[in-house]
Amino acid sequence: MAITIENEPGDITPVYSDITYTLSSTNSGQTNFKFVAVVKNAAGTTLAKLKAPVYAGTSYGVFNLSRILQNYVTFDFTQATLHPGKCTNSFIAYSVEFGEEYGGTEYLNLTSDTNKYAWNGLFSKWDSELISDYEITFPGTARKFLTTIRRRRVTREQYDYLYFLRGGTALGADRVEVKAYNAAGTATTSVIKQLFNASNKDEFLLRMGAGVVNLNQITSGNLYSGTAGSVVPVGTVYYTLQIKNNVDDPGSEAYRFDIVEECSKYSHRVLYFLNRLGGFETLRCSMLNRDTYTIDRKQLKRNTYGFTGTQYGRDTAAHGIASYATTKSRKVILNTDFLNELEWQWVDELISSPVVYLDGNIPVNITNTQVEVFDLNDGPQQLRIEVEYTEPEILQNI
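What counts and what doesn't
Residues numbered from 1 in each chain as written. Predicted model: local features only at pLDDT ≥ 70, side-chain atom pairs only at ≥ 80, totals over all residues. Heavy atoms only, no water. Salt bridge = Lys/Arg side-chain N within 4 Å of Asp/Glu carboxyl O. Helix = DSSP H or I, 4+ residues; strand = E, 2+ residues; numbered from the N terminus. Buried < 20%, exposed > 50% of the residue type's maximum accessible area, 1.4 Å probe, protein only. Phe/Tyr/Trp six-rings, centres within 6.5 Å; stacked < 30°, edge-to-face > 60°. Lys NZ or Arg CZ within 6 Å of the ring centre and 35° of its normal. Contact = heavy atoms within 4.5 Å. Pairing = 2+ DSSP bridges. Axes fitted to C-alpha atoms, helices over the stretch in contact; angles between N-to-C directions. Core = buried A, V, L, I, M, F, W, Y, C linked by side-chain atoms within 4.5 Å.

**Student:** So what exactly am I meant to see when it comes to the pattern of salt bridges here?
**Tutor:** Pairing of side chains with opposite charge becomes possible as their charged atoms draw close. Scanning all chains against the criterion turns up 22 salt bridges. With its nearest N and O atoms 2.6 Å apart, the salt bridge here joins Glu 101 to Lys 51. Of this pair, Glu 101 sits in strand β8 (residues 91–102) while Lys 51 sits in strand β5 (residues 46–53), placing them 50 residues apart in sequence. Residue Glu 349 pairs with Arg 276 through a salt bridge whose shortest N-O separation is 3.8 Å. Taken together, the residues Glu 349 in helix α3 (residues 341–351) and Arg 276 in the loop between β18 (269–274) and β19 (280–285) connect sequence positions 73 residues apart. Owing to a relative accessible area of 8%, Glu 349 belongs among the buried residues under this scheme. Among the residues examined, Arg 276 registers a relative accessible area of 23% and is labelled partly exposed.

**Student:** Just to check I follow, could you spell out the packing of aromatic side chains for this structure?
**Tutor:** Under the counting rule described, the total for this entry stands at 22 aromatic pairs. Taken together, a centroid distance of 5.6 Å and an interplanar angle of 55 degrees make the contact between Phe 75 and Phe 280 tilted. A residue pair is termed long-range when its members are at least 10 positions apart, and Phe 75 in the loop between α1 (66–70) and β7 (85–86) and Phe 280 in strand β19 qualify at 205 residues. A relative accessible area of 24% places Phe 75 in the partly exposed class. According to the relative accessible area criterion, Phe 280 is buried, its value standing at 1%. Among the aromatic residues, those joined into a cluster by ring pairs are Phe 75, Phe 77, Tyr 161, Tyr 272, Phe 280 and Tyr 357. Its end group placed over the ring of Tyr 224, Arg 175 keeps NZ or CZ at 4.4 Å from the ring centre.

**Student:** Whenever I open this one, the environment of Ile 295 confuses me. Can you help?
**Tutor:** Relative to the helices and strands, Ile 295 is located in strand β20 (residues 290–301). Residue Ile 295 is classed as partly exposed on the basis of its relative accessible area of 36%. Setting aside its immediate chain neighbours within four residues, Ile 295 contacts Thr 326, Thr 327 and Lys 328.

**Student:** Help me out: how do you make sense of the sheet that holds β8 in this one?
**Tutor:** Judged by pairing direction, the sheet is mixed, and its 5 strands sit side by side in the order β2-β9-β8-β4-β5 without closing on themselves. Two strands bound the open sheet, and with one partner strand each, they are β2 (12–14) and β5. Sheet twist, expressed as the mean angle between neighbouring strand axes with direction ignored, is 35 degrees. Where β2 meets strand β9 (residues 105–119), 3 bridges bridge the pair, whose relative direction is parallel. Paired with Thr 13 across the two strands is Ala 118, which belongs to β9.

**Student:** Sorry, what's going on with unusual backbone geometry here?
**Tutor:** Trans is the common state for peptide bonds, and a negative phi is the common state for residues other than glycine. Between Phe 138 and Pro 139 the backbone carries a cis peptide bond, its omega angle lying at -15 degrees. The residue Pro 139 is located in the loop between β9 and β10 (151–154) in this model. Positive phi is not limited to glycine here, since Asp 248 has a value of about 75 degrees. With respect to the element layout, Asp 248 can be found in the loop between β16 (236–245) and β17 (255–259). Among the residues examined, Asp 248 registers a relative accessible area of 44% and is labelled partly exposed. In this model, Asp 359 sits at a positive phi of 60 degrees, which is unusual for a non-glycine residue.

**Student:** What am I meant to see in the sheet that holds strand β11 (residues 161–165) here?
**Tutor:** Strand pairs in the sheet, formed through backbone hydrogen bonds, run parallel or antiparallel to each other. The 3 strands lie next to each other as β7-β14-β11, forming an open sheet whose pairing is antiparallel. Each having just a single partner strand, β7 and β11 make up the two edges of the open sheet.

**Student:** Explain the nonpolar core to me, please; I cannot follow it from the model alone.
**Tutor:** Taken as a class, soluble globular proteins show a tendency for nonpolar side chains to be buried jointly. Counting residues in hydrophobic clusters, the biggest one holds 46 residues, and the most contacted among them are Leu 215, Tyr 239, Leu 241, Leu 271 and Ile 385. The dominant element in this core, judged by the number of residues it contributes, is α3, at 5 residues. In contact with Leu 271, other than residues within four places in its own chain, are Glu 281, Thr 282, Leu 283, Cys 285, Leu 334, Leu 350, Val 356, Tyr 357, Leu 358, Ile 385 and Val 387. Judged by nonpolar contacts, the second largest core, of 25 residues, contains Phe 77, Phe 91, Leu 277 and Val 355.

**Student:** I'm lost on the pairing of β18 in this one. Help?
**Tutor:** Each regular strand displays side chains that alternate between the two surfaces of the sheet. A large share of β18 lies buried, amounting to 6 of its 6 residues. Alternating residues of β18 divide into Arg 269, Leu 271 and Phe 273 and Val 270, Tyr 272 and Leu 274, and every residue in both groups is buried. Pairing geometry for β18 and β19, over 6 bridges, is antiparallel. Residue pairing in the sheet places Leu 274 in a bridge with Phe 280 of β19. In sequence, β18 turns back onto β19 through a hairpin of 5 residues, with Gly 278 there showing a positive phi of about 100 degrees. Bridge analysis of β18 against strand β24 (residues 356–358) gives 3 bridges, and the strand direction is antiparallel. The residue bridging Tyr 272 from the neighbouring strand is Tyr 357, located in β24.

The structure is reproduced here in structure tokens:
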């Protein structure tokens, strides 16, 4: 008996895209034949045991592990993320043992595939995307960060983030170079240490703070060079971040952040959201924002009559109709400033994101069900976003 893996996924794949194995067997013509796949995590614990008949019209078996592995990844987000670190919740290491079943007997672990990784990303169904598009390689200056927008606008008070796949070919990646440019084009350079084990493949997926607030909170012990508290100095017009190795070769594009200072009479709010590639990004809403509350009351009728001494009568201070279960739900209507064309191409990821926080620590759900995307021909446009808090407040009972 022989099982052959005809096609397999790459060593690291986005878990929300297909993770497909195609198998063949010398016994596939046996009565009631089935292929068997036993999926295990890095510790060798069985996650699932799957069986598949021969695919109709062929002699092959097919297993798609995507839905199984999705159950074992979540996301990594902390508003105060500073220097680079790994995303422990966003990936799973797995292996698969393949066997077969026929004649009422299972023959397990006839061949296997090991040292595989899946992270909480999703490749577009309509665009051609490959792992090599995102894995850091040296030398190289191609777009690599896990985002679909290649340039962002931030204020000096704004947090933001970049996520990236260090990759098996980027073991020398040990620093991030930040260049901050003033209006005259003069650059101030700082180099941030990457705090990870370069030989540990489990640290494929990394994240770092990339907003002005994040970068200026990095301590001197986490800098190869530069001044703590002034990685992005006052007077900076824009700054770039670029992955480099220990001999100063670039491994990514120099990702650009433009600093904007908005004059708005409204207090700004910021949405933090999980993008489709598994990283978190932020969108600033600096125009009118308004809170609305929905109150849900359950009430009962109470007897307001009783005795005061020997006198029987109505207690005028008692509630004749009393609320015994009251909840308050909160919604917020947000409005962005005018978005540029790049930002309009990117906001659909915010509207469809399954994980969103308001101001960094309030879990919310976006209730918009559609978004109309504008371009330069339409002129400047703003986006109205409606969010609701994920849990109502439970108020006092009387």
